[in-house]
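For reference, the chains in residue letters:
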Amino acid sequence: MKTYRVAIASLVHDHVWGELRHWAALPNVEVVAAGDVNAPLREKVAATAGEGVRLYDSWQAMLDAEGDSLDVVQCASENSVHAEVAEACAARGIHVLVEKPMAATYAQAKRMADAAAAAGTLLAVNWPTAWSPAFQEMERRILAGDIGTVRYFKYRSAHNGPKELGCSPYFWGWLYDAEKNGAGALMDYCCYGAAMCARFLGRPEKVTGLRGVLAKDYPLPDDAAIIAMQYPHAFGVAEASWVQPTSYATANPVAYGSEGAISLSGGKVLLFKPGKSAPEEITPPPTEAPRRSGPEYLLHCLETGAAVEGVCAPEVSLIGQEILEAGLRAADGGQTQSLPL
């Protein structure tokens, strides 16, 4: 069995600590290096991944020293740095797993997809929702036609804010920076709904958006946003909030189709059919290999030659990024945007 040599490029995305555990759970993986400018984060990765991990004071220095021997790089940088990491890895023939969203801008995301395609390397976008049992069951049902043609899809992603939630300053410090993040809550949380709509509905014809600072009393680009998408026969909605102190009051996500509707609530899948007074309540089966985590799935694709599919596929995430860009332009300019951009 081949042992895959994995390195971590930057450590400022808090998701990285969970992903390190996922890498460690794989028997044919060795995490060999990590690079970040922040000494405390380098110390933390050494404690998490083991003292054998070689540490560098930047991801660039790490690639310069280790690049010839690496198989995969996990990118956990600011959104605005994703393209630089992906291009540098593609040039060295290294496969990349990057944390969501794909980038800070559509142009950056396009650079990533183009670099991987030109180099013949795999590029996967790690969406945490992709490894949820309930979302996987909902996806299976939608793709199997259980609700017919999808006419409406909505996903809301919300909490009370990165700082209030307890994210590290290394994380929220750049989430509140419009250039490094791409926006505020709009980029961080509308990205989920945008990617899901791209998955189930493709590229919309028109996109509009709203964003604002509704509650926070410290500087940030926006703390709430809504992006609406118009397709030939469907609407899509992506909602984001950093000002929601409670759990979700409604089912989320929800999809309405020509032959039914489906939603998620409390870890259950609710399937609504015409003429039925109550939904069918489905307990989703546990996730199974190789779709239990981003690292496991990427290695499956490498081992089998399978293409990256679903929301993690670069072509799907790229449409999601295009939706985000259009929504941001619409919110700031007050005019509905036509796609492609």
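Residues numbered from 1 in each chain as written. Predicted model: local features only at pLDDT ≥ 70, side-chain atom pairs only at ≥ 80, totals over all residues. Heavy atoms only, no water.

S.K.: Could you give me a rundown of the packing of aromatic side chains, with the residues and numbers involved?
M.R.: Applying the stated criterion across every chain, the model contains 11 aromatic pairs. Relative to Phe200, the ring of Phe135 has its centre 6.3 Å away and its plane inclined at 50°; by these criteria the two rings are tilted. Taken as a pair, Phe135 in helix α6 (residues 133–143) and Phe200 in helix α10 (residues 185–201) lie far apart in primary sequence, 65 residues in all. One exposure class covers both Phe135 and Phe200, and it is buried. (Phe/Tyr/Trp six-rings, centres within 6.5 Å; stacked < 30°, edge-to-face > 60°. Helix = DSSP H or I, 4+ residues; strand = E, 2+ residues; numbered from the N terminus. Buried < 20%, exposed > 50% of the residue type's maximum accessible area, 1.4 Å probe, protein only.)

S.K.: Summarise the sheet that holds strand β6 (residues 123–126); cite the residues concerned and give the values.
M.R.: Across a sheet, strands are paired by hydrogen bonds formed along the backbone, either parallel or antiparallel in direction. Taken in spatial order, the 6 strands make up an open sheet running β3-β2-β1-β4-β5-β6, and their pairing is parallel. Looking at which strands have only one partner, the edges of the open sheet turn out to be β3 (54–56) and β6. In this sheet, adjacent strand axes meet at a mean angle of 20° when their direction is disregarded. Relative to β3, strand β2 (residues 29–35) is paired through 3 bridges, and the arrangement is parallel. Counterpart to Gly35 in the pairing with β3 is Tyr56. (Pairing = 2+ DSSP bridges. Axes fitted to C-alpha atoms, helices over the stretch in contact; angles between N-to-C directions.)

S.K.: Now, about the pattern of salt bridges: what can you tell me, with residues and values included?
M.R.: Under the defined criterion, the tally for this structure stands at 20 salt bridges. Salt-bridge contacts for Arg140 lead to Glu137; the nearest nitrogen and oxygen are separated by 2.7 Å. You can see Arg140 and its partner Glu137 sitting in helix α6, 3 residues apart, about one turn around the helix. Judged by relative accessible area, Arg140 falls into the partly exposed class, the value being 40%. Here Glu239 ties to Lys154 by a salt bridge, and the two come within 4.0 Å at their closest N and O atoms. Here Glu239, found in strand β10 (residues 234–241), pairs with Lys154, found in strand β7 (residues 150–158); they are 85 residues apart in sequence, far enough to count as distant. With respect to class, Glu239 is no different from Lys154; both count as buried. Counted as one network, the salt bridges with shared partners bring together Glu137, Arg140, Arg141 and Asp146. (Salt bridge = Lys/Arg side-chain N within 4 Å of Asp/Glu carboxyl O.)

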